[in-house]
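Listed here are the chains, written in short residue letters.
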Amino acid sequence: MAEKNAPVSLDDFQQLIREMYLEKDKARGVDGTFMWLMEEVGELAAALREGTREEQAMEFADVLAWLTTIANVVGVDLAAAVHRKYGAGCPGCGQFVCQCDDAGKP
């Protein structure tokens, strides 16, 4: 990784998480790892309600890390998936500034 506060690409982050945790994550499996993700989502919800900005930031990082962990276990390249789904604009309307009806997704 680069200097301490430098931005990290999604590719680099997924590789970092893979190098740090893949063997443990594979041993835990998708189901166990998904449960950790859900716990972190709950912690993020609590931080959004009552936490400081720093606590919120740390919980966002945890959620992203656990989501990335699951992608690694099942072999999904997150950067490629994000590009495929959102690289040409909103999946609903195709615009880079979403023009979808507010009642629908997204």
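These numbers come from a predicted model, not from an experiment. (Residues numbered from 1 in each chain as written. Predicted model: local features only at pLDDT ≥ 70, side-chain atom pairs only at ≥ 80, totals over all residues. Heavy atoms only, no water.)

S.K.: Hey, could you go over the pattern of salt bridges for me, with residue numbers and the actual values?
M.R.: Between side chains of opposite charge, pairing is possible as soon as their charged atoms come close. A complete count under the given rule lists 2 salt bridges for this structure. Measuring nitrogen to oxygen at the nearest pair gives 2.8 Å for the salt bridge that ties Arg 28 to Asp 25. With Arg 28 and Asp 25 both in helix α1 (residues 10-50) and 3 residues apart, the pair spans about one turn of that helix. (Salt bridge = Lys/Arg side-chain N within 4 Å of Asp/Glu carboxyl O. Helix = DSSP H or I, 4+ residues; strand = E, 2+ residues; numbered from the N terminus.)

S.K.: I'd like a rundown of the packing of α1 against helix α3 (residues 78-86), residues and numbers included.
M.R.: In the contact formed by α1 and α3, the axes pass within 8 Å of each other and the chain directions differ by 145°. Seen from α1, the contacting residues are Leu 10, Asp 11 and Gln 14; seen from α3, they are Leu 78, Ala 79 and Val 82. Within the contact of α1 with α3, the residues separate by chemical class into 4 nonpolar, 1 polar and 1 charged. (Axes fitted to C-alpha atoms, helices over the stretch in contact; angles between N-to-C directions. Contact = heavy atoms within 4.5 Å. Nonpolar A, V, L, I, M, F, W, Y, C, P; charged D, E, K, R; others polar.)

S.K.: Lay out the layout of surface pockets with the relevant residues and their values.
M.R.: Size it by volume and the second largest pocket reaches roughly 180 Å³. What lines the second largest pocket is simply Ile 17, Met 20, Tyr 21, Asp 25, Arg 28, Asp 62, Ala 65, Trp 66 and Thr 69. Taken together, the elements giving at least two residues each to the lining of the second largest pocket come down to α1 and α2 (53-74). Here the lining of the second largest pocket gets 5 residues from one element, more than from any other, and that element is α1. Its residues assigned to classes, the lining of the second largest pocket shows 5 nonpolar, 1 polar and 3 charged. (1 Å grid on protein atoms, 1.4 Å probe; cavity = no way out; pocket = protein on both sides within 12 Å on 5 of 7 lines; lining within 4 Å. Points joined across faces, edges and corners; volume = space filled by probe spheres on them.)

S.K.: Give a description of α1 that names residues and reports values.
M.R.: For α1, with 41 residues, the first-to-last C-alpha span of 28 Å runs short of the 60 Å given by 1.5 Å per residue. The sharpest bend along α1 reaches about 105° and sits at Gly 29. Of the residues making up α1, those classed as buried are Phe 13, Gln 14, Ile 17, Leu 22, Asp 25, Gly 29, Thr 33, Leu 37, Glu 40, Leu 44 and Ala 47. Of the surrounding elements, those touching the buried residues of α1 are α2 and α3. (Expected span 1.5 Å × (residues − 1). Bend = angle between axes of the 7 residues up to and from the residue. Buried < 20%, exposed > 50% of the residue type's maximum accessible area, 1.4 Å probe, protein only.)

S.K.: For the packing of aromatic side chains, give the residues involved together with the corresponding values.
M.R.: The final tally for this structure, using the stated rule, is 1 aromatic pair. Taken together, a centroid distance of 5.6 Å and an interplanar angle of 10° make the contact between Trp 36 and Trp 66 stacked. With Trp 36 in helix α1 and Trp 66 in helix α2, this residue pair connects regions lying 30 residues apart in the sequence. Residue classification places Trp 66 among the buried residues on the basis of a relative accessible area of 17%. (Phe/Tyr/Trp six-rings, centres within 6.5 Å; stacked < 30°, edge-to-face > 60°.)

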